[in-house]
Amino acid sequence: MRIDILTIFPEMFPCVLDASILKRAQDKGLADIRVWNLRDWTTDRHKTTDDAPYGGGGGMVMKPEPIFAAVEDIRGEEEVPVILLTPQGRRFTQTVAEELTQQARLIFICGRYEGVDERVREHLVTDEISIGDYVLSGGELAAMVVVDAVVRLLPGALGYERAAAEDSHATGLLEGPHYTRPLLFRGWEVPEVLRSGHHARVAEWRRRQALKRTLERRPDLLATARLTEQDKRWLREMGYHGPFADDGVSQ
Ligand code: ADE
């Protein structure tokens, strides 16, 4: 997958892109990530990327010309999704990350200031994404979040560590607890079932723990998670009274 990121702060990216899974994915050729300085597409002496808003008021607005010129250069003749990071976008979730992995290329525009000229949204951008209901100083951190969540899903990116399929949210549930050595730490022991070597019991315990944790922390997820009839029985036993995704659908 090729990913192009347009920003006026390219220096924010190397730390994140050159470490850990993102670095390995690039080294393995799974992701080709390029960060571009929007100022390279300005035409004035001061390399201006923003200007005062028409109609007055505070703040500055990102000018359309360098953004259009940069995206048109970078995408060439290809049809590439152009994603604007903005608090006004659709909310980023694991499902959106999975959806983005289906693309061969992605272009991200990192908004700054009060935002971008509306003509960029209307005539260039194909998708707008927000990473949550809070305001960052710009889209750069949001782009890093989205790129990380997408690239780690590319086949081969996680290596032998573990399957992304088991992650919290990948199943629609939160994951249960994990333990490692030592067996006894400050008097706190690892649950007996995990030491039993009994795979079926371990699997059942993990599933119940995931359900329990989701019920305690994010009961809203239970209404959309894909659950078996056994899961639902366990949840009812645990005191969950809310809806399930397939309520009313005959099995
Ligand atoms: N830019 C500023 N805040 C943002 C957010 N929450 N998500 C995406 N881009 C942003």
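Quantities reported herein were computed from a predicted structural model and do not represent experimental measurements.

Cut-offs and rules
- Within each chain, residues carry numbers counting from 1 in the order of the written sequence.
- Local features in this predicted model are restricted to residues of pLDDT 70 or higher, and side-chain atom pairs are both shown and tallied only at a pLDDT of 80 or more, whereas totals for entire chains, interfaces and linings draw on every residue.
- Computation of side-chain values: all heavy atoms of the structure, hydrogens and water removed.
- Numbered from the N terminus, helices here are DSSP runs of H or I no shorter than four residues, and strands are runs of E no shorter than two.
- A radius of gyration in this sense is built from C-alpha atoms; the matching globule rule multiplies 2.2 Å by the number of residues raised to 0.38.
- Exposure classes here rest on a 1.4 Å probe applied to the protein chains alone. A residue is buried below 20% of its type maximum, exposed above 50%, and partly exposed in between.
- In this analysis, two residues are considered to be in contact whenever any of their non-hydrogen atoms come within 4.5 Å of each other.
- His is not counted, nor are the chain ends; Lys and Arg add positive charge and Asp and Glu add negative charge.
- In this description, the location of a charge corresponds to atom NZ of lysine, CZ of arginine, CG of aspartate or CD of glutamate.
- Think of a nonpolar core as a cluster: buried Ala, Val, Leu, Ile, Met, Phe, Trp, Tyr and Cys residues, connected wherever their side-chain atoms sit within 4.5 Å.
- Each aromatic pair joins two rings of Phe, Tyr and Trp (for Trp, the six-membered one) with centres within 6.5 Å, and gets the label stacked for planes under 30 degrees apart, edge-to-face for over 60, and tilted for any other angle.
- Here a salt bridge means any side-chain nitrogen of Lys or Arg lying within 4 Å of a carboxyl oxygen belonging to Asp or Glu.
- Marked domain ranges trace back to an automatic or database domain assignment.
- Near residues are defined by distance, with any heavy atom within 4 Å of the molecule or strand qualifying the residue.
- Counting of polar contacts relies on pairs of N or O atoms within 3.5 Å, with two restrictions inside protein: one atom must be capable of donating a hydrogen and the other of accepting it, and residues adjacent in sequence are counted only when both atoms are side-chain atoms.
- Only the protein chains shown count as cover for residues, and the accessible areas themselves come from Shrake-Rupley with a 1.4 Å probe.
- Polarity classes work like this: nonpolar for Ala, Val, Leu, Ile, Met, Phe, Trp, Tyr, Cys and Pro, charged for Asp, Glu, Lys and Arg, and polar for all others, with Gly in that last group.
- Only residues whose relative accessible area exceeds 30% and that form no salt bridge enter a patch; like-charged residues are grouped when within 9 Å of one another, and nonpolar side chains (Val, Leu, Ile, Met, Phe, Trp, Tyr) when within 5 Å.
- In this analysis, strands are considered paired if DSSP registers two or more bridges between them.
- Axes here refer to lines fitted to C-alpha atoms; in helices the fit is confined to the stretch in contact. Angles between the N-to-C directions go from 0 to 180 degrees.

The number of helices and strands found in the protein chain is nine helices and nine strands. Its C-alpha atoms give the protein chain a radius of gyration of 23 Å, more than 25% over the compact-globule value 18 Å for 251 residues. For the protein chain, buried positions account for 42% of its 251 residues. Here the contacts in the protein chain between residues at least 6 apart in sequence split such that 70% fall between residues at least 24 apart. With 33 positive and 40 negative side-chain charges, the protein chain shows a separation of 8 Å between the mean positions of the two kinds.

Let us now look at the nonpolar core. Counting 34 residues, the largest nonpolar core has Ile33, Phe92, Leu100, Phe108, Val146 and Val151 as the members making the most contacts within it. Those elements that place two or more of their residues in this core are β1 (2-7), α2 (20-27), β5 (82-91), α4 (94-100), β6 (105-110) and α6 (140-151). When residues in this core are grouped by element, the largest group, eight residues, is from α6. Those residues in contact with Leu100 that sit more than four places away from it in its chain are Met1, Ile83, Phe92, Leu106, Ile129, Val146 and Val150. By size, the runner-up hydrophobic cluster in this structure holds 19 residues, among which are Phe68, Leu84, Val116 and Leu124.

As a further point, take unusual backbone geometry. A cis geometry characterises the amide bond from Arg181 onward to Pro182, with omega recorded as 5°. By the secondary structure assignment, Pro182 is in the loop between α6 and β8 (184-185).

The geometry of two aromatic rings is summed up by the distance between their centres and the angle between their planes. A full pass over the atoms with the stated rule returns three aromatic pairs. Ring plane angle 50° and centroid distance 6.0 Å describe the contact between Phe185 and Trp188, whose orientation is recorded as tilted. Judged by its relative accessible area of 56%, Trp188 falls in the exposed class. Aromatic side chains Tyr240 and Phe244 sit 5.3 Å apart centroid to centroid with 50° between the ring planes, which places their arrangement in the tilted category. Taking relative accessible area as the criterion, Tyr240 reaches 6% and is therefore assigned buried.

Let us now look at the pattern of salt bridges. Counting across every chain of the model gives 22 salt bridges. Taking the shortest distance from any N to any O, the salt bridge between Asp32 and Arg34 comes out at 2.6 Å. Asp32 sits in the partly exposed class, given a relative accessible area of 31%. Taking the relative accessible area as the measure of exposure, Arg34 reaches 31% and is therefore partly exposed. Each member of the salt-bridge network shares a partner with another, and the members are Arg2, Asp4, Glu78 and Arg105.

On domain assignment, one finds that the protein chain holds domain 1 (2-151) and domain 2 (169-251). Taken over C-alpha atoms, the centre of domain 1 sits 37 Å from the centre of domain 2.

Taken together, the neighbourhood of the ligand is formed by 13 residues, with Thr86, Ile131, Gly132, Tyr134 and Leu136 sitting nearest. Here Ile131 contributes a backbone N or O atom positioned 3.0 Å from a nitrogen atom of the ligand. The separation between a nitrogen atom of the ligand and a polar main-chain atom of Tyr134 is 2.8 Å. For the ligand, the accessible surface in isolation is 260 Å², of which the surrounding protein chains cover 97%. Taken together, the elements giving at least two residues each to the shell around the ligand come down to β5 and β7 (127-130). Among the elements that line the shell around the ligand, the one with the most residues is β5, at three residues. Its residues assigned to classes, the shell around the ligand shows eight nonpolar, five polar and no charged.

Attention now goes to a nonpolar patch on the surface. Taken together, the side chains of Tyr134, Leu136 and Leu141 present a nonpolar region at the surface, about 270 Å² in accessible area. Within the secondary structure, Leu141 is located in helix α6.

This brings us to the sheet that holds β7. Spatial strand order, β2-β1-β6-β5-β7: five strands in an open sheet with parallel pairing. Sheet topology places β2 (32-37) and β7 at the edges, where each strand pairs with a single neighbour. Across this sheet, the average inter-strand angle for adjacent strands is 35°, counted without regard to direction. Relative to β6, β5 runs parallel, the two sharing four bridges. Bridging from a neighbouring strand, Ile83 pairs with Phe108 of β6. Against the sheet, helix α3 (residues 64-75) makes contact with β1, β2, β5 and β6, and its axis sits at roughly 165° relative to β6, the strand it touches most.

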